[in-house]
Amino acid sequence: MAKREQQLAEEEASGETALSSYHHEAFKRRTRYLVVFIGLIAAFFAMAVINIRSGDMNVSGSEIWNILIGKVTSGSTYDVIHKIRLPRILMAAILGGALSVSGFLLQTFFDNPIAGPFVLGISDGARMVVAIVMVLSISAVGFAPSWALVIAAFAGSLLATGFILLISRRVHNMAILLVAGLMVGYICKAATDFILTFAADNDIVNLRNWTLGSFSGNSWENVVAAAVLVGVAMLFTILLSKPIGAYQLGESYAQSMGVNIKSFRVILILLSSILSGTVTAFAGPISFVGIAVPFLIKRALGTSKPLVVIPATFLGGTAFCMMCDLIARLAFAPTELNISTVTAVFGAPVVIFMMLMRRTGRY
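Since this is a predicted model, take the numbers as computed values, not measurements.

A.B. asks: Outline the packing of helix 5 (residues 146-170) against helix 11 (residues 261-283), supporting the account with residue identities and numerical values.
C.D. replies: Angle between the axes and distance between the axes are the two parameters that describe a pair of packed helices. Packing of helix 5 against helix 11 brings their axes to within 8 Å, and their N-to-C directions diverge by 130 degrees. The pairing of helix 5 with helix 11 is recorded here as oblique in orientation. Between helix 5 and helix 11 lies a crossing of right-handed hand. Here Ser146, Leu149, Val150, Ala153, Phe154, Ser157, Leu158, Thr161 and Leu165 of helix 5 lie close against helix 11, whose contacting residues are Ile269, Leu270, Ser273, Ile274, Ser276, Gly277, Ala281 and Phe282. Of the residues that constitute the contact of helix 5 with helix 11, the class distribution is eleven nonpolar, six polar and no charged.

A.B. asks: Can you lay out the pattern of salt bridges for me, pointing to particular residues and giving the numbers?
C.D. replies: For the structure shown, the criterion picks out five salt bridges. With a shortest N-O distance of 3.4 Å, Lys83 and Asp79 are connected by a salt bridge. Of this pair, Lys83 and Asp79 both sit in helix 3 (residues 76-110), separated by four residues, roughly a single helical turn. Several salt bridges converge on common partners, so that one network encompasses Arg88, Asp325 and Glu336.

A.B. asks: Talk me through the nonpolar core; I want residue IDs and the actual numbers.
C.D. replies: In terms of nonpolar packing, the biggest core is built from 94 residues, with Leu95, Leu105, Phe110, Phe215, Ile244, Ile286 and Leu301 touching the most fellow members. Per-element accounting of this core gives the leading share, 17 residues, to helix 3.

A.B. asks: Break down the packing of helix 9 (residues 241-248) against helix 13 (residues 306-330) for me, citing the residues and quoting the values.
C.D. replies: It is the contact of helix 9 with helix 13, at a shortest axis distance of 9 Å, that shows an interaxial angle of 110 degrees. When the axes of helix 9 and helix 13 are compared, the pair comes out roughly perpendicular. Judged by residue contacts, Ser241, Ile244, Gly245 and Gln248 of helix 9 engage Pro306, Leu307 and Ile310 from helix 13. Residues belonging to the contact of helix 9 with helix 13 are distributed by class as follows: four nonpolar, three polar and no charged.

Definitions and limits used
Residue positions within a chain follow its written sequence, with the count starting from 1. Reporting in this predicted model follows two pLDDT cut-offs: at least 70 for local features of residues, and 80 or more for side-chain atom pairs to be given and counted; totals over whole chains, interfaces and linings ignore these cut-offs and use all residues. For the side-chain quantities, the full set of heavy atoms in the structure was used; hydrogens and water were omitted. Interaxial angles span 0 to 180 degrees and are taken between N-to-C directions of axes, which are lines fitted to C-alpha atoms, for helices over the stretch in contact. Segments assigned H or I by DSSP are reported as helices when at least four residues long, segments assigned E as strands when at least two residues long, and all are numbered from the N terminus. An angle below 35 degrees is read as roughly parallel, one above 145 as roughly antiparallel, one from 65 to 115 as roughly perpendicular, and any other as oblique. Crossings are assigned a handedness: left-handed for a near helix turned anticlockwise from the far helix by less than a right angle, right-handed for a clockwise turn. Every residue pair with non-hydrogen atoms within 4.5 Å of one another is taken to be in contact. Under the scheme applied, nonpolar residues are Ala, Val, Leu, Ile, Met, Phe, Trp, Tyr, Cys and Pro; charged residues are Asp, Glu, Lys and Arg; polar residues are all the others, including Gly. The salt bridge definition used is simple: a Lys or Arg side-chain nitrogen within 4 Å of an Asp or Glu carboxyl oxygen. Among buried residues, the Ala, Val, Leu, Ile, Met, Phe, Trp, Tyr and Cys ones that are joined through side-chain atoms within 4.5 Å form a nonpolar core. The rule is simple: take the accessible area with a 1.4 Å probe, protein chains only, and divide by the maximum for that residue type; under 20% is buried, over 50% is exposed, in between is partly exposed.

Have a look at this one:
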C-alpha cells in the first residue's frame, strides 16, 4: 500500500514538473515573440523618423509635427514633406511589407525557403506586361493610369506563376524548378528590353526609370490604391493562417484537417500574385526582399507559425525597405541608387547563408 502511494506521489510530482516545464517554455516563447515585435515596431518608427528628416532640405521636428497634424498646409517645406517624403515613406512601408509576405506565401506553396517573386521570375513577368501596357497607354492617352498598371502587373504575375506551376507538375526537383524560374525571368527581361528598343523616346525615359525600381514619384492616390490592395490581400492572408499552418505540415495532414488543397493552392497563388504585382506596378522590380526577410523573421521568432510570422514578416519588410530606400537616397546624393541595388547588397548575403545552412542540414 505504501509502495503504491509512493508511486502515485512520484507520478503526480512528475506531472507537475512537466506542466511547470510546459508553462516555462510557453512563457519564454511569448516573451521572445513580444521582444521581436517590439523591436520591429521600434525599427519601423525609427526608419520613418530618419527618412522624413533626411534629405537636401533640413526640416526641424516641430515643423514636421505641425505639417502632420495639419497646422501647416502650404509652403515649400509643406510641399517637400507632404507631397514628396511622406508618400515615398508610406509606399516603401506598404510595398516592402507586401513583397515580404508574398515571398512567405510562395515559400509555403513550394515548400522551399529560396522561392520568391524575384527568383521565380514572377516580378519579371509582371514587369514585362506593365511595360507593354505603359507604352500603349502613354502612346494612346499620354499617361498610364494606376489601375491599368496594377491589373497589368497582376496579369503578368499570374502568367509567370502559371508557367512555373506547369513546370512544377513535371519537375519535382526544387533546384531545377528554381533554375526554370530564373530562365522565365530572363525571357521576360529580354521581352522588356525589346519593348524599350522600339518605344518612343519619351516612353523610354518613363520605362527606364520605372524598370530600375524606386519608391519615388508616387502620389497620394497611388499610396491609397496600394494600401487598399495590400490591405485586402493581407486580411485574407491572416484569415488563412490556420490552413497555412496545416499545409506546412504536409498536404495529407492539411486534408485531414478539412483543407481543400486545390482551392487553397489557387488562393495562395492569387494572394501572392496580388501582393507582388502591386509592388511591381508602383515601384518596379525589387530583388531579394521576399526571400531574405521571411527567413530572418522566422529565425528571430524561432517559429514558422503563420499567425505570428505573417504580421512580423510584414513589419520586417516595411523596416527593411525603408532602410534600403534611405540608403538609396543618401549614399551617393544627389545621385540616387535604384532600390534593387541596395536590397541586393543586404539580401543576397542572407540568401547565400540560407543555402549554406541547407547544405549543412541546419535549416
